[in-house]
Amino acid sequence: MTELSIVIPTYRRRDALPRTLEALAAQTIPADRFEVIVVDDPEDDDPAVVAECVQAGARAFDVRQLSRERWVVSAARNAGWRAARAELILFINDDIVLKPDALAEHLDWHRREPDERVGVLGAIVWSSEIRVSPFMRWLEHGIQFDYDSLPGEEASWAHFYASHASVKRSLLERVGGFDEERFPFLYEDLDIAYRMLDHGFRLVYDRNAVGEHLHESGLDDWRRRMAATARAERTWVELFPEHPAYFHDRFEAALDGPPGSRLAARAIGLVPRRLPVIGERVWASADRWFTRQLGPSFLDAWRRDARPAQER
């Protein structure tokens, strides 16, 4: 009986997707206990290439390939979990390479916490196969992820990262899945977690369920991403005004403050944040520098979206 359905949205990742699937074949649990659903983009990707990745080497586990009806990642995740056979749904991205015991960790947690309101957050670390730049180290601290703020096993709903998290299907059904209209990409996992919170959602953090992130990121990539982030955050604060505009307020404060040091930004790859005195000073300066690099792209998009449509 299938206990776990793994949903993987994919988009132009012919390099990483095979590695993601190979890691699932190496899991410590028997292959008949889980299924994999890969959801492609038939318009802007090549479903035939995805099929080659999915079928390579006659996978030992049950794997299906679906096509999303819309381009957005929310639609891909919805298509995946709605087609799933298991009650337990694990969402991972197509560049997350799970450690061999990751699926066992998720299943063990859900056996101990069978209540439909409990979800499990898995850890994400940079892949040992890629060069981790100081900028990528900085992303780990409240920009892309924020695992360092989780000292124990309890996580807040705001830490629900759909790039590696498992939830019960019944709770997804209660909230209607991801919001494809208002949050097509970015903030979609924050939104669904907040809506699940109305039903008593509780998120636990399993730091032993580890996925390696096989994706290098640079400043230029994130400058382009900031425009989409601004649109998503504006929608978020309009829908939920009780919550602050996290990135907007952070970027605006950075641009009004001291500039930080480019030298410090380079040094955080070598200087641990927890190093007494100097560590915090170097990281604070690097944070100001990196934040100011991304801030203009975000704030320009934020202001542009605030203008009437005919003025944009």
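If you're wondering where the values come from, they're calculated on a predicted model, not measured in any experiment. (Residues numbered from 1 in each chain as written. Predicted model: local features only at pLDDT ≥ 70, side-chain atom pairs only at ≥ 80, totals over all residues. Heavy atoms only, no water.)

*Asks:* Just checking my understanding: could you explain the overall build of the protein chain for this structure?
*Replies:* Broken down by element type, the protein chain carries eleven helices and nine strands. Since a compact globule built from 312 residues should have a radius of gyration of about 20 Å, the 20 Å found for the protein chain is in line with a globular shape. Projected onto its principal axes, the C-alpha coordinates of the protein chain cover approximately 60 × 50 × 40 Å. Summed over its atoms, the accessible surface of the protein chain is roughly 14,400 Å², and 50% of this surface lies on carbon and sulfur atoms. Placing the 42 positive and 53 negative side-chain charges of the protein chain at their respective mean positions leaves the two points 4 Å apart. (Helix = DSSP H or I, 4+ residues; strand = E, 2+ residues; numbered from the N terminus. Rg over C-alpha atoms; globule rule 2.2 N^0.38 Å. Areas by Shrake-Rupley, 256 points an atom, 1.4 Å probe, with all protein chains shown as cover. Lys, Arg positive; Asp, Glu negative; His and termini not counted. Charge placed at Lys NZ, Arg CZ, Asp CG, Glu CD.)

*Asks:* I would appreciate a short explanation of the nonpolar core in the present structure.
*Replies:* Grouped together as the largest cluster of nonpolar side chains are 98 residues, with contacts concentrated most on Ile-6, Leu-24, Val-36 and Phe-160. Here the element with the most residues in this core is helix H11 (residues 278–306); it accounts for ten residues. Ile-6 has contacts with Leu-24, Phe-34, Glu-35, Val-36, Ile-37, Leu-90, Ile-92 and Leu-103, leaving out every residue within four places of it along the chain. (Core = buried A, V, L, I, M, F, W, Y, C linked by side-chain atoms within 4.5 Å. Buried < 20%, exposed > 50% of the residue type's maximum accessible area, 1.4 Å probe, protein only. Contact = heavy atoms within 4.5 Å.)

*Asks:* Would you explain helix H3 (residues 73–83) in this entry?
*Replies:* Helical geometry: 3.6 residues make up each α-helical turn, so side chains three or four residues apart lie on a common side. Most of H3 sits inside the fold, with eight of its eleven residues counted as buried. Along H3, the residues classified as buried are Val-73, Ser-74, Ala-75, Ala-76, Arg-77, Asn-78, Gly-80 and Trp-81.

*Asks:* Even after reading the chapter, I still don't get unusual backbone geometry, so can you show me in this structure?
*Replies:* Trans peptide bonds make up the majority, and among non-glycine residues the majority have a negative phi. Despite not being glycine, Leu-186 shows a phi value in the positive range, around 80 degrees. With respect to the secondary-structure elements, Leu-186 resides in the loop between helix H6 (169–175) and helix H7 (188–197). Phi at Val-277 takes a positive value of approximately 65 degrees, unusual for a residue other than glycine. Mapped onto the secondary structure, Val-277 falls in the loop between helix H10 (262–267) and H11. For Val-277, a relative accessible area of 56% puts it in the exposed group.

*Asks:* Any chance you could explain helix H2 (residues 47–55) here in plain terms?
*Replies:* Residues Val-49, Val-50, Ala-51, Cys-53 and Val-54 constitute the buried set of H2. Tucked into the core, H2 has its buried residues touching helix H1 (17–25), strand E2 (34–40) and strand E3 (62–67).

*Asks:* Explain the pattern of salt bridges here, please?
*Replies:* Taken as a whole and judged by the stated rule, the model has 25 salt bridges. One salt bridge in this structure joins Glu-35 and Arg-64, with 2.7 Å as the shortest N-O distance. Of this pair, Glu-35 sits in strand E2 while Arg-64 is found in strand E3, placing the two residues 29 residues apart along the sequence. The partner of Arg-303 in a salt bridge is Asp-300, with the nearest N and O atoms 3.5 Å apart. Of this pair, Arg-303 and Asp-300 both sit in helix H11, three residues apart, which is roughly one turn of that helix. Since its relative accessible area comes to 47%, Arg-303 is described here as partly exposed. Bridged by salt links that share partners, the residues Glu-35, Asp-62, Arg-64 and Arg-85 form one connected network. (Salt bridge = Lys/Arg side-chain N within 4 Å of Asp/Glu carboxyl O.)

*Asks:* Just checking my understanding: could you explain the packing of helix H8 (residues 219–239) against helix H9 (residues 246–256) for this structure?
*Replies:* Two numbers describe a pair of packed helices, the interaxial angle and the distance between the axes. Direction vectors running N to C along H8 and H9 enclose 125 degrees, while the axes themselves pass 9 Å from each other. Taken together, H8 and H9 sit at an angle that is classed as oblique. Contacts between H8 and H9 involve Met-226, Thr-229 and Glu-233 on the former and, on the latter, Tyr-246, Phe-247, His-248 and Phe-251. When the residues that make up the contact of H8 with H9 are grouped by side-chain class, the tally is four nonpolar, two polar and one charged. (Axes fitted to C-alpha atoms, helices over the stretch in contact; angles between N-to-C directions. Parallel < 35°, antiparallel > 145°, perpendicular 65-115°, else oblique. Nonpolar A, V, L, I, M, F, W, Y, C, P; charged D, E, K, R; others polar.)

*Asks:* Where do I start with the packing of aromatic side chains in this structure?
*Replies:* Note on aromatic pairs: each is described by the distance of the centres and the angle between the planes. Applying the stated rule across the entire model yields 23 aromatic pairs. Seen in terms of ring centroids, Phe-247 and Phe-298 are 6.4 Å apart; in terms of plane orientation they differ by 45 degrees. Their pairing is tilted. A residue pair is termed long-range when its members are at least 10 positions apart, and Phe-247 in helix H9 and Phe-298 in helix H11 qualify at 51 residues. When the centroid spacing of 5.4 Å and the interplanar angle of 75 degrees are considered together, the rings of Trp-289 and Phe-290 count as edge-to-face. Across this residue pair, the class does not change: Trp-289 and Phe-290 are buried. An aromatic cluster is built from Trp-157, Phe-183, Tyr-187, Tyr-194, Trp-236 and Phe-240, whose rings are joined through pairwise contacts. Cation over ring: Arg-77 sits above Phe-178, and NZ or CZ is 5.7 Å from the ring centre. (Phe/Tyr/Trp six-rings, centres within 6.5 Å; stacked < 30°, edge-to-face > 60°. Lys NZ or Arg CZ within 6 Å of the ring centre and 35° of its normal.)

Any functional reading would require information beyond the geometric quantities listed.
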